[in-house]
Structure formats: structure tokens, C-alpha cells
Amino acid sequence: KGARKDANGAAKKADSKEGSEGPKQPERANDEEEKLEEFHAKPLILSLLLFVSGYVMFRLGFITHWAAAAAFVISYVPQYNSKIEQGFGCPSSWYRKFGFLTSYLSEKVGFKYVLHGCRKEDFKSVTQAIVAILPHGAGSIGHCLFGAGDTHDFWTEVLPVERRSLSASILFKIPFIRENTLALGGIDADKQVAANALRRGLSLTVVP
């Protein structure tokens, strides 16, 4: 009975301590996740260096167009096989604001955000969120314009959080569409990938 009483007392003390400290914050990435992210980034750097080198040598006349094409393929393979979409991705802040699928389409559509039933002040205490975007539509253009794009200032004026966009796995299998998705902040829409991103402290956008 004495041991049970001590255990109950310790449990109550722990609960009161947790309550006084407030809600638990999302766990940060551990050392293995940091190493994984670094490993994923290295093939991207290698691909860029090989591609630029091949292009410069072709323009200077040192290699033929066939050799330049071979250099492009060789440089692309490490990036394609990097599996960076299963980590934390590699978003481009420039592309999110000025890329084709953001700036051009945003201008054509006249895309803007409007807050309904809430104010900007309501988001001041929000440090992490999962933002659902509906409907999916053809090509998930809404996700590109709002969730991934930065042309409308929602992610700077209302909810300035670091975020990633959960994207279908097939998008990372198609060349060029893969790069576009990565540049917009896309990561694989896998449960474990999403959980790792949340533990890292990232926010997520998703089209259910």
C-alpha cells in the first residue's frame, strides 16, 4: 500500500509539473534526422555542379552536344535518386514567389486570400499548423497557389511558419515535375515523412 501511495503521489506531481509548464512543444529533429537531411542535400549540390560544368564546357566548344547531353543525364541521376522528398525537401523561397506555377498563374487567376470568421490577430500565437486546402481540383492548382506559393502574402502576414506541402509520391517519379514540386516545398505524402516533419517543428499543407 505504501509503494502504491508513493507511485500515485509521484504521478500526480508529474502531472502538475507538466500542467504548469504548458503544452508540450513538438520534438526537434534528432541527430540521425540532421544527418539524413545533410545526406539528401549532397547529391543536389553534386548534380548542380556537374550540370553547370557540362553546360559551360559545351558553350566553350570543349565537348560535343552528345557529351553535354550525357553530362546532363549523369548529373541528374544523383538528384533523382536522392530521396530528398522523404526527408525535409528543398524548397526555394524565390521559386515559391516568382516561379511559373505561382506568379504566372496567380496573375492570370487573380488569386488572393480572404479571411472568413477570423482575424490576423487570431494567428499570432500559432507556431505550428496543418493547413487543409479544398477542393483538390484538376492538377491541385489551389495547393500550388495557396499552400505552396508565396504570392498572396498569407504566409508572411498571417501565418509566418516554415512549412512543407504533402505531395503525391508519383510527382517525385516524373522528371521536371519532380523538381517543380521540390522547389515549391513538396515532400512525400507518407505518414512517417509527415510525422518526421512535424517533429522537426515544420507546418504542413495538404489537400485531403
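For the structure itself, consult the block above.
None of the values given here were measured: they were computed from a predicted structure.

### Quick word on the pattern of salt bridges
Between side chains of opposite charge, pairing is possible as soon as their charged atoms come close.
Point 1. As enumerated under the stated definition, the model contains 6 salt bridges in all.
Point 2. Between aspartate 122 and arginine 119 there is a salt bridge, and its shortest N-O distance comes to 3.9 Å.
Point 3. Residue classification places aspartate 122 among the partly exposed positions, given a relative accessible area of 40%.
Point 4. As a salt-bridge pair, lysine 120 and glutamate 157 come within 3.3 Å of each other at their nearest N and O atoms.

### Some remarks on the pairing of strand β2 (residues 163-167)
Point 1. Across the 5 residues of β2, 5 count as buried, placing the element largely inside the fold.
Point 2. Going residue by residue along β2, you find Arg163, Ser165 and Ser167 tucked away on one face and Arg164 and Leu166 tucked away on the opposite face as well.
Point 3. Where β2 lies against strand β3 (residues 186-188), 3 bridges are found, and the strand directions are parallel. Bridge pairing in β3 places serine 167 opposite aspartate 188.
Point 4. In this region the chain leaves β2, passes through helix α8 (residues 177-183) and returns to the parallel neighbour β3; the handedness of that crossover is right-handed.

### Quick look at helix α3 (residues 65-80)
Point 1. Helix length check: α3 (16 residues) gives 22 Å between terminal C-alpha atoms against 22 Å at 1.5 Å per residue, within 8%.
Point 2. Of all the residues in α3, the buried ones are Ala68, Ser75, Tyr76 and Gln79. For α3, the arc enclosing every buried residue in end-on projection is 100°, short of the 170-degree limit, so these residues lie on one face. In α3, those exposed residues whose orientation departs by more than 90 degrees from the buried face are Trp66, Val73 and Ile74.

### Re the packing of aromatic side chains
Point 1. Scanning the model with the defined rule gives 5 aromatic pairs in all.
Point 2. Taking the centre distance of 5.0 Å and the plane angle of 50° together, the rings of phenylalanine 146 and phenylalanine 154 count as tilted. The pair formed by phenylalanine 146 and phenylalanine 154 is uniform in burial state, with each residue classed as buried.
Point 3. Measuring from ring centre to ring centre gives 5.7 Å for phenylalanine 146 and tryptophan 155, while their planes differ by 40°; the resulting arrangement is tilted. The burial state of phenylalanine 146 is the same as that of tryptophan 155; both residues are buried.
Point 4. Members of the aromatic cluster, connected to one another through ring pairs, are Tyr113, Phe123, Phe146, Phe154 and Trp155.
Point 5. For arginine 178, the ring lying beneath its charged end belongs to tyrosine 80, and the centroid distance is 5.5 Å.
Point 6. The ring of phenylalanine 88 is capped by arginine 200, whose NZ or CZ atom sits 4.7 Å from the centre of that ring.

Here is what the cut-offs are and how they apply
Every chain begins its residue count from 1, and numbering advances along the sequence as written. Since the coordinates come from a predicted model, pLDDT governs what is reported: local features require at least 70, and pairs of side-chain atoms require 80 or more to be given and counted, while whole-chain, interface and lining totals use all residues. The side-chain quantities take in all heavy atoms of the structure and omit both hydrogens and water. For this analysis, a salt bridge means a side-chain nitrogen from Lys or Arg found within 4 Å of a carboxyl oxygen belonging to Asp or Glu. Type-normalised accessible area, obtained with a 1.4 Å probe on protein chains alone, sets the label of each residue: buried when under 20%, exposed when over 50%, and partly exposed for intermediate values. Helical segments are the DSSP runs of H or I of at least four residues, strand segments are the runs of E of at least two, and each set is numbered from the N terminus. Strands are labelled as partners when DSSP assigns at least two bridges between them. Place the viewer so that the strands point away; then a crossover is right-handed whenever the path from the first strand over the helix to the second strand goes clockwise. In this scheme, a helix's expected span is set at 1.5 Å multiplied by one less than its residue total. As used here, the arc is the angular range of directions from the helix axis to the C-beta atoms. Aromatic contacts are taken between Phe, Tyr and Trp rings whose centres are within 6.5 Å, Trp giving its six-membered ring; a plane angle under 30 degrees counts as stacked, one over 60 as edge-to-face, and the others as tilted. Charge-over-ring contacts are defined here by two conditions on Lys NZ or Arg CZ: a distance within 6 Å of the ring centre and an angle within 35 degrees of the ring normal.

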